[in-house]
Each structure stands twice: as C-alpha cells, then as structure tokens.
Amino acid sequence: MDDYLVINKARWDERAPAHAASSDYGFDRFIAEPDFLSRVVRFDRARLGDVTGLRGVHLQCHIGTDTLSLARLGARMSGLDLSSASLTEARKLAASTGTDIDYHEATVYDAVDVLGAGSFDLVYTGVGALCWLPDVARWARVVADLLRPGGRLFIREGHPMLWALDETAELPTLGYSYFETKEPLVFDEPGTYVDTDATFSNGLSHSWNHGLGEIITALMTAGLKLTQFVEHDSVPFEGLPGHMVRDDAGEWRLSANPERLAASYTIQAVKEP
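Okay, so let's go over this structure. Computed from a predicted structure; not experimentally measured. (Residues numbered from 1 in each chain as written. Predicted model: local features only at pLDDT ≥ 70, side-chain atom pairs only at ≥ 80, totals over all residues. Heavy atoms only, no water.)

**Focus: the overall build of the protein**
Then, in step 1: A tally of helices and strands in the protein yields ten helices and 13 strands.
Then, in step 2: A globule of 273 residues ought to have a C-alpha radius of gyration of about 19 Å, and the protein, at 18 Å, matches this closely.
Then, in step 3: By its C-alpha atoms, the protein is 50 × 45 × 40 Å across when sized along the principal axes.
Then, in step 4: Taken over 273 residues, the protein has a buried fraction of 51%.
Then, in step 5: Partitioning the intrachain contacts of the protein with sequence separation of at least 6 by distance along the chain shows that 73% fall at a separation of at least 24.
Then, in step 6: With the model as given, the accessible surface of the protein reaches about 12200 Å², and the carbon-plus-sulfur share is 52%. (Helix = DSSP H or I, 4+ residues; strand = E, 2+ residues; numbered from the N terminus. Rg over C-alpha atoms; globule rule 2.2 N^0.38 Å. Buried < 20%, exposed > 50% of the residue type's maximum accessible area, 1.4 Å probe, protein only. Contact = heavy atoms within 4.5 Å. Areas by Shrake-Rupley, 256 points an atom, 1.4 Å probe, with all protein chains shown as cover.)

Here it is, written out as structure tokens:
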C-alpha cells in the first residue's frame, strides 16, 4: 500500500522546481510585494477571518505559497509535505521574503508524531490535497489530534463532483468514482498543471476521490463540529480544459451555465472542547 507514497513523491519531487519557476505560483511577486497573497488564500480571505497570532500548520503544503500567505496574515506557520524537493523550494521562498516558517518532511498520517498532538489553533489544507490520500477518515483523525480544543480546520478543495468527471472526454462525462475506493486511480501523465517548458520522466500517480458525505462524516466522527460548508462554482485551475473560462481573480468556471457544476468547496470545523 505504501507504494503510492514512493510513486507520488517521485512525481512531486520532479515537478517542484518547475512549479517554483513558473509565474503561476508567483514567487517573484511574493518577493517583490510584501503584502502579496496566493490566489487560493485571497479567495477565502473573508472566510478565514483574523488569524493573527494563531499557531497554524499547512498540511500538504507543496512549495509553500499558501503557507507564506497565512504567515503574512499574522499566523505563526509550520508546513508539512512528503516531497523534499517541494520543501526545498518552500524554504527558499520563506528565506527570500524574510519569513519565519518551519517546514517538516513527512506524510500527513505521520503529522502528529512529527509535530505533536494538540499543538495547533489552525490546521489548513489547500486545493488538490485530499486526492493524494487513500483514507479520509484517517486524515480527519490526524486533523483532530493536531488541534487544541477549540482549534479549527480550514480547507478549500476541489469538489468530488469535479474529480469524478473525465476531463479528457470531448464532452466531460462521469469517468471516475465519486466515492472513496480501496484501489487508487492510476494515471500516467507526463505534464503538469503550470505553464512550463520543463519535461518530466515521472508521470505515474496514485490518487483517490472522497465524497462530501465521507469527508464531513469523517470530521464529525473525529470530534470536530462543522461550522461552515460552502460550495463554489469555480476552482483555481482549469479542471475541464476547453470547457472553462478564467476570471480576473484567476478562478476557472464552466464557460456556459457554471451553476451546473460544483467545482470546489470550503469547509471549516472546530474541535470540540
């Protein structure tokens, strides 16, 4: 089962430098503009509220742009990711902007052992994270264990409705499971989601979908109380190439009748005392 970690780590390690060099992640803007925030964090800025002084951890932080954005909003941030190459880029960005963020190389399921139980006021997860985890109930238990009583989870994710669509079809159609399955979805794709001239040799990936009911039930079972659940008709990447348009904020939605597709969602939940 742990083969998925080796496979996915190789994929992310190879792509991290290209992602950091791409204008899509905006490293140059982060360095030049002290108040610049990632698109994902900007989208949910009002929902995040005041995070000043909160001890936060960003799980599956990749190259750290959302992590840095939360630090710029006043949180005392840590980041965790399985990709050593991604963390190298995240540390470079933090150093280039004079931001104190501690990064840790580990899987999500090992986060409590690495970071300590009950250590955080805020656990944050960004778009495109849960699909790399085989067991959403186990993830929810990790989140609950990381949080102090009264601490909260904040997650924005791609919607399982979107993940279930086969984006390669001429007209997108249901091609993949909406619900969590024991066996992973296996893809072999040579490219990546940013604009880059880089070529890659590690195209293989293992991923899983998780239904909204499964995610919410897992959080409740782990002792978290749902405080917000919002579905959005947009997502910060072109999830269905050729069928979406991008707005001025960098969000993508269906070019015709966007109300037909729930493309992403935001969930907040609080650990019960």
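**Things to note about the packing of helix α1 (residues 3–21) against helix α6 (residues 84–96)**
Then, in step 1: The contact between α1 and α6 brings their axes to 7 Å, and the two run at 25°. The angle between α1 and α6 falls in the class roughly parallel. Here α1 contributes Lys-9, Trp-12, Asp-13, Ala-16, Pro-17 and Ala-20 to the contact with α6, which in turn contributes Ser-84, Ala-85, Ser-86 and Glu-89.
Then, in step 2: Counted by class, the contact of α1 with α6 contains five nonpolar, two polar and three charged residues. (Axes fitted to C-alpha atoms, helices over the stretch in contact; angles between N-to-C directions. Parallel < 35°, antiparallel > 145°, perpendicular 65-115°, else oblique. Nonpolar A, V, L, I, M, F, W, Y, C, P; charged D, E, K, R; others polar.)

**Structural notes on the pattern of salt bridges**
Then, in step 1: The tally for this structure, following the rule as stated, stands at ten salt bridges.
Then, in step 2: The shortest N-O distance in the salt bridge between Arg-55 and Asp-102 comes to 3.7 Å. Pair noted here: Arg-55 is in strand β1 (residues 55–59) and Asp-102 is in strand β3 (residues 102–105), with a separation of 47 residues, a long-range link.
Then, in step 3: Owing to a relative accessible area of 30%, Asp-102 belongs among the partly exposed residues under this scheme.
Then, in step 4: In this structure, Arg-253 and Asp-233 form a salt bridge, with 3.1 Å as the shortest nitrogen-oxygen distance. Note that Arg-253 is positioned in strand β12 (residues 252–254) and Asp-233 in the loop between β10 (224–232) and β11 (244–246), a separation of 20 residues in sequence.
Then, in step 5: Using a relative accessible area of 30% as the deciding quantity, one classes Asp-233 as partly exposed.
Then, in step 6: Several salt bridges share partner residues, and in doing so they unite Asp-233, Asp-247 and Arg-253 into one network. (Salt bridge = Lys/Arg side-chain N within 4 Å of Asp/Glu carboxyl O.)

**What about the nonpolar core?**
Then, in step 1: Core analysis: the largest hydrophobic core is formed by 34 residues, its most contacted members being Leu-59, Trp-139 and Leu-146.
Then, in step 2: Residue assignment for this core shows that the elements contributing at least two residues are β1, α7 (111–115), β4 (120–125), α8 (136–146), β5 (147–158), α10 (212–221) and β13 (264–271).
Then, in step 3: With seven residues, α8 is the single largest residue contributor to this core.
Then, in step 4: Beyond its immediate sequence surroundings of up to four residues, Trp-139 is in contact with Leu-59, Val-108, Tyr-109, Thr-125, Leu-130, Leu-133, Leu-153, Ile-155, Ile-215 and Leu-219. (Core = buried A, V, L, I, M, F, W, Y, C linked by side-chain atoms within 4.5 Å.)

**With respect to unusual backbone geometry**
Generally, phi is negative for residues other than glycine and the peptide bonds are trans, each holding for most cases.
Then, in step 1: Here the phi dihedral of Gln-60 falls at roughly 55°; this positive angle occurs in a residue that is not glycine.
Then, in step 2: Note on placement: Gln-60 falls in the loop between β1 and α5 (65–72).
Then, in step 3: With a phi close to 55°, His-62 is a non-glycine residue in the positive phi region.
Then, in step 4: If you trace the backbone, His-62 turns up in the loop between β1 and α5.

**Digging into the packing of aromatic side chains**
The geometry of an aromatic ring pair is captured by the separation of the ring centres together with the interplanar angle, meaning the angle of the planes.
Then, in step 1: Applying the stated criterion to the full structure yields ten aromatic pairs.
Then, in step 2: Here the aromatic rings of Tyr-178 and Phe-179 are separated by 5.0 Å at their centres, their planes lie at 80°, and the arrangement is edge-to-face.
Then, in step 3: Its relative accessible area of 29% is what places Tyr-178 among the partly exposed residues.
Then, in step 4: Residues Phe-229 and Tyr-265 carry aromatic rings whose centres are separated by 6.4 Å and whose planes lie at 65° to one another, so their mutual orientation is edge-to-face. With Phe-229 in strand β10 and Tyr-265 in strand β13, this residue pair connects regions lying 36 residues apart in the sequence.
Then, in step 5: Three or more aromatic residues joined by ring pairs make a cluster, and in this case those are Trp-12, Tyr-25, Trp-132 and Tyr-193.
Then, in step 6: Taking NZ or CZ as reference, Arg-15 lies 4.4 Å from the ring centre of Phe-200, over its face.
Then, in step 7: One Lys or Arg, Arg-156, reaches over the ring of Phe-43 and ends 3.7 Å from the middle of that ring. (Phe/Tyr/Trp six-rings, centres within 6.5 Å; stacked < 30°, edge-to-face > 60°. Lys NZ or Arg CZ within 6 Å of the ring centre and 35° of its normal.)

**Let's talk about the environment of Leu-165**
Then, in step 1: Counting through the fold element by element, Leu-165 comes out in strand β6 (residues 165–166).
Then, in step 2: The exposure class assigned to Leu-165 is buried, which follows from its relative accessible area of 15%.
Then, in step 3: In this structure, the C-alpha to C-alpha distance between Leu-165 and Gly-175, residues ten residues apart in sequence, is 5.3 Å.
Then, in step 4: Beyond its immediate sequence surroundings of up to four residues, Leu-165 is in contact with Thr-173, Leu-174, Gly-175, Tyr-176, Leu-240 and Leu-261.

Note that all results are geometric; they support no functional claim without further evidence.
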